[in-house]
Amino acid sequence: METTVRTPSPTSRNSTKGDGPLHKAATSAHAAVDRVAAAADDAARKAQPVIDRAAELAHYAVDKAADVAAPTAEWLGEQGESLMATPKKLVDGACKYVAANPLRSVAIALVAGLLIGRIVR
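Residues numbered from 1 in each chain as written. Predicted model: local features only at pLDDT ≥ 70, side-chain atom pairs only at ≥ 80, totals over all residues. Heavy atoms only, no water.

### Concerning the overall build of the chain
Inclusion rule: Every helix listed is a DSSP run of H or I at least four residues long, and every strand listed is a run of E at least two residues long, numbered separately from the N terminus. Working definition: with a 1.4 Å probe on protein chains only, accessible area under 20% of the residue-type maximum means buried, over 50% means exposed, and in between means partly exposed. Using a 1.4 Å probe, accessible areas were evaluated by the Shrake-Rupley method; residue-level cover was limited to the displayed protein chains.
Along its length, the chain carries three helices and zero strands. In the chain, the order of α-helices and β-strands from amino to carboxyl end is α-α-α. Across the 121 residues in the chain, those meeting the buried criterion constitute 2%. For the chain, the exposed area adds up to about 10900 Å²; of that, 67% sits on carbon and sulfur atoms.

Structure below.
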């Protein structure tokens, strides 16, 4: 493996003097970055109370929503089993009715189909 020795270029020697164009540009850029950073810090400091208030309002809204939803969730938990059984009861009742009254069931289905067909058109 070769080792390369580099000597400082003439421009890098000028930049250490403190009066070269590169040094002036770097100093100017550094000052601009410092001004922008100070402005950003100032903006963040001014915005912090607004952000805190928005977070407080959001927490309040979530708490209110949870308070409103809690009784409903509790009721659904208690009634869940009977609510799940309701469709099965309806289907069982319809099956029993159709078995007991087959001609009337077909007539009802035919009339319902005609009415739905008219409405959809």
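Next comes the rest of the write-up.
### Considering a nonpolar patch on the surface
For clarity, the cut-off: Patch definition: residues with relative accessible area over 30% and no salt bridge; like charges joined within 9 Å; nonpolar side chains (Val, Leu, Ile, Met, Phe, Trp, Tyr) joined within 5 Å. The rule for a salt bridge is simple: a side-chain nitrogen of Lys or Arg has to be within 4 Å of a carboxyl oxygen of Asp or Glu.
On the surface, a nonpolar cluster with roughly 290 Å² of combined accessible area is contributed by W75, L76 and L83. Take L83: it is sitting in helix α2 (residues 21-100). Residue class for L83 comes out partly exposed when judged on its relative accessible area of 40%.

### So, the pattern of salt bridges
Applying the stated criterion to the full structure yields four salt bridges. Ionic pairing is found between D42 and R45, a salt bridge with its closest N-O pair at 2.9 Å. Residue D42 and its partner R45 are located together in helix α2, separated by three residues, close to a single helical turn. Between E56 and R53 there is a salt bridge, and its shortest N-O distance comes to 3.0 Å. Here R53 and E56 lie together in helix α2, a separation of three residues that amounts to about one turn. In this structure R53 comes out as partly exposed when scored by relative accessible area, which is 43%. Here the salt bridges share partners, and the residues they tie into one network are D42, R45 and K46.

Coordinates in, geometry out; function isn't part of it.
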